[in-house]
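The residues making up each chain are set out below.
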Amino acid sequence: MDDLITEFIAETREMLQALERGLVAWERDPGDRERLSEIFRFVHTVKGNCGFFDLPRLEALAHAAEDALGEVRAGKRTIGRGLVDAVLAVLDRIGEMVEAIAAGEDISGGDDSDLIARLAERDPEPVAAQPVQAPVKAAAAREPFRSVRLPTSLVDRVMSGVSDMILVRNELERQLRHSDGDPALLANFGRLSSLLSEMQSAMARVRMQPIGTLLDSYQRMVRDLAAELGKDIVVEIESGQVELDREMIELLRDPLLHVIRNAIDHGIETPAERQAAGKRPQGRLMLSARQTGNEIRIAILDDGRGIDATQVVARAIERGVVTAEQAARMEPGQQLMLICEPGLSTAREVTAISGRGVGMDVVRASIERIGGKLRIASTPGEGTRFLLDVPLTLSIVPAITVEVGGQVFAMPRSYVREIVRNGRDVEVDPIGGVRHVRVRGELYPCVGLGAIFGLESRSDPDRQVLVMVKMIDGSVFALCIDDIADHCDLVIRPVAPQVINTGLYVGVAQLNDGRPALMLDPFGVSQLGGIASDKQARLVSEPVAQADARDLAMMIVFAGLDGMRRAVPLDSVERLIEVPMTEIGRGNPAHIVFEGAIVLLHGLAVQPGGESIDVLVLAHQGRRLAYATAGAVDTADVDLGTVTVETGRRLALLDGQSIELLELDRLLQAQPTCRLPGDDAWTNAFLRPLVESAGYRVVDQSNPADLEIRLDAGRADSLVIGDDGLAVAKDDAAALQAALRLASLRRAS
C-alpha cells in the first residue's frame, strides 16, 4: 500500500501542475472547448484517485470543482475570473494536503466549506461559454506513450555507475596501448567502448526534462501578480522540444523567477500608462528556450518601459560603483550590466516585490556559478530582453585540469579564453596592491592560485602559465598556475555543503587515473584573490585608442616536427595529449588510439626524436583527426585579413612572421576510404572495427572507395580484399588485418 500511496502522490503533483497551466490558458481563451474538456478530465481523475484511497476531504474538494466545471461544459454556467480563482484555490488546498500526506501527517481534520462555497458563487460579469460538443472529426490514433516513474536517487546511482565504468574503460584503454595489440581484443574493446558511450548518452537523456515544464509553472505567478498590481499581462511561451538536465532546471528556477517578477513590477506598465504611451493596454511577456549547440538560450522579453542606461550609470556613479570616467568608456551593454551590482536599483519606489537593489547580483552570480552567461538589452519605451546561455547539463562538463604546488584542480572550459606562458609578451605591474599582468598591451588583474590555497609553486616563475579567465559579462582576469595537466570531459559530483560554502568549488570530479579533483568556481577564486568583482576587472583595462578593425580569429599555435609554425582554430581543438612513440600505429597514414577509437595522425613527415610526442586531437565536421607537434603550444589572435594561398598553402602573418593555417577539410579527405560488403550485424561488429583500425574511413555503397571488400563468390566463409583479389577467411582477424596492411602499403607505393 505504501508504494500505491507514493504513486498517488507523484501522479497528483503532476496533475495539479498541468491543471494550473490549463486553467490559466483557458481563462485567456474561454472558447477553447477542448482545453475545458481536458481540465474536466484531470479533475475527475483526481477525484477518482482520492475516492480509491479513502480520502473524503480531498474527494469532496475535487467533486465540488468537477461539478462547477461540469456546469460550464453543459452550458449552464458562464466563465469568469471568480470561477478560475475558486478552482485555483481548490487546487492549492489539494496540493497542501497532498504534501501533508507525503510528510505522514493526518489531513482528516479541517474545514473546506469556504472554498466549496466560492465555487458556487456566480461571476457578476461573466463571459458566455458554449456547451462542449463532440468534435466532428476524431483525432488520428497515436501509439500510446510508455513511461515509468523512477525515484531520482535511483537514476543518480545508475548515472554514477555508468560514469565509473567510463573511468575504468579509460584506464583499460591506457593498459591496452602497452599490450601486444591483439586485433580481436582491440576490436572487442572498441565495440565495448562504443556501447558504454551510448549508455552514458542514454542515461544523460534520462536526467533530462522538458524546459517547458519550468516555463509553464510561471504562468500562475504572472496571472496572480499582474492582478495584484492592476496590470493586464499575457504570457507567451515558446520552448519546443528543448530539454535540460533536471538539476539545471532546479538551479534556474529562482533566477528566472526574479527576472520575471522584475519585468512584471517595473517593466510592464499599467493599462492606463500603456495607452498614454500609444501601446495596447495588454502587456506582453515572452519566455522562450532554444538549443544552440551544447547550450540552451533562455530569453525573457517584455514590451514595457525598458531600462534607461543613462539612469543606470547615474545611479552607479552616485553609489560609487564606478567613476564618471570609467562609465564613459563603457559600451551600452556594459552600462546595463551595472544593474547587477549589489545595492544598485533604478526603481522609483520600493515595493513588496522588488526595488531594493537586491537580487540581480544574485541572479548574475547564480548563472555564472553554473557556467552560464547573462546579457541584457533594452530600449527605453519599447521593452527589455534578458538572455541566459546555460549548459545542457551539470553532470558532464568540458574542463581543463591545472597543476599548482603538486595539486590538481579542474576548471570549466567555458571560462577559459586563452592560455599564455610568462615570456616576452607578458609584463607584471603592481597596481593598487593587486598584481596585474599586461598581455599584448592589455592590462588584467592576476590571481595566483598557489597563493590562494597556500601552495608553494614548483615551477620557474618565468615559466608559469596564465589561464585567462573570461567571466559572464566579458571581463577577464589572469589565473597564475604551474602547468596545464589535461583537457577532458569530467563527471561532476556534489561535495559536502561545508566545501561548497567556501565559495571556491562547484563539485568534485574523478580523473582518468582515479584521483579526485575539485572543480573551481572562478567567481569565488576571483573574490578571494582580491578582485572585488568581475566588473572591476573590466574597468581596470586601459581604453583602446581606436577600434580594432582586423578580422581576428582565436587559434592554437604550435610548431610542427618540420619546424614550421602552424595554427588551427581554437574551437576545433579537443585535447592536447602526450603519445609514446611505441603507441603510434605505423602505416599510410599513421594512427593513434584515442578514447577507444582509431584516429589518423598527420604531421609525421619528419621522424621525431625522443620517446614521446605531443599530439593535438582535433574535431571537424563530426570527425576526429590528430596532428603531431614539436611542443610550444600557445594561443594567439590571427588576423584572417593577411591570409594568402598563392604559395599553395594557406598562410597568414603573426608577429610579422608567416604561419600555416591547417586545412582540416583537406586533411580529412586524405584519409583512405573503404567499402564493405554489407551492413549486417557481423560486418558492423567485427569487420568495420578492423577496417577502421587500419586507418580507413568506411563509406556506403553509393560512394567510390580506395579499397573494396567483397564476399567471395566461390566460398561463403571468405572475403576478397581489393582489386588484387586477395582471399581471406571471414573469421581470421589476424589475416584480415595483415591483408588490410598490405593493401595500404600497395596503395602508398
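Use the structure listed above.
Definitions and limits used
- Residues numbered from 1 in each chain as written.
- Predicted model: local features only at pLDDT ≥ 70, side-chain atom pairs only at ≥ 80, totals over all residues.
- Heavy atoms only, no water.
- Helix = DSSP H or I, 4+ residues; strand = E, 2+ residues; numbered from the N terminus.
- Expected span 1.5 Å × (residues − 1).
- Pairing = 2+ DSSP bridges.
- Axes fitted to C-alpha atoms, helices over the stretch in contact; angles between N-to-C directions.
- Parallel < 35°, antiparallel > 145°, perpendicular 65-115°, else oblique.
- Left-handed = near helix turned anticlockwise from the far one by under 90°.
- Contact = heavy atoms within 4.5 Å.
- Nonpolar A, V, L, I, M, F, W, Y, C, P; charged D, E, K, R; others polar.
- Phe/Tyr/Trp six-rings, centres within 6.5 Å; stacked < 30°, edge-to-face > 60°.
- Buried < 20%, exposed > 50% of the residue type's maximum accessible area, 1.4 Å probe, protein only.

A. Layout of helix α4 (residues 81-102). Taking 1.5 Å per residue as the helical rise, α4 with its 22 residues ought to reach 32 Å, and the 31 Å between its terminal C-alpha atoms agrees with that figure. At the exit of α4 stands G104, carrying a positive phi of roughly 80°.

B. Structural context of the sheet that holds strand β26 (residues 634-639). Judged by pairing direction, the sheet is mixed, and its five strands sit side by side in the order β26-β19-β20-β28-β27 without closing on themselves. In this open sheet, the two strands that pair with only one neighbour each are β26 and β27 (651-654). Taking the axes of each pair of neighbouring strands and ignoring which way they run, one obtains an average angle of 45° across the sheet. Strand direction decides the pairing type here: strand β20 (residues 565-569) and strand β28 (residues 657-661), joined by two bridges, are parallel. Residue A567 lies in a different strand from β28, and its bridge partner there is L661.

C. Main features of the packing of α4 against helix α5 (residues 113-120). In the contact formed by α4 and α5, the axes pass within 8 Å of each other and the chain directions differ by 155°. On the basis of their axis angle, the class for α4 and α5 is roughly antiparallel. With respect to the hand of their crossing, α4 and α5 are arranged in left-handed fashion. Counted together, L83, D85, A86, V87, A89, V90 and R93 of α4 and D114, L115, R118 and L119 of α5 form the full contact between these two elements. Looking at side-chain class alone, the contact of α4 with α5 contains seven nonpolar, no polar and four charged residues.

D. Region of the structure containing the packing of helix α3 (residues 56-73) against α5. At a minimum axis separation of 9 Å, α3 and α5 run at an interaxial angle of 5°. Accordingly, the angle class assigned to the pair α3 and α5 is roughly parallel. Contact residues: A60, L61, A64, A65 and A68 in α3; L115, I116 and L119 in α5. Of the residues assigned to the contact of α3 with α5, the class counts are eight nonpolar, no polar and no charged.

E. Broad picture of the packing of aromatic side chains. With the rule as written, the count across this model stands at three aromatic pairs. Each ring, one from F409 and one from F453, has its centre 4.9 Å from the other, and the planes form 10°; the classification is stacked. Of this pair, F409 sits in strand β9 (residues 407-412) while F453 is found in helix α16 (residues 449-453), placing the two residues 44 residues apart along the sequence. Among the residues examined, F409 registers a relative accessible area of 7% and is labelled buried. Since its relative accessible area comes to 22%, F453 is described here as partly exposed. Ring geometry for F453 versus Y505: centroids 6.0 Å apart, planes at 20°, classification stacked. Remark: Y505 occurs in strand β17 (residues 505-510) and F453 occurs in helix α16; sequence separation between them is 52 residues. Overall, the relative accessible area of 11% leaves Y505 in the buried class.

Scope: geometric values only; no functional claims are made or implied.
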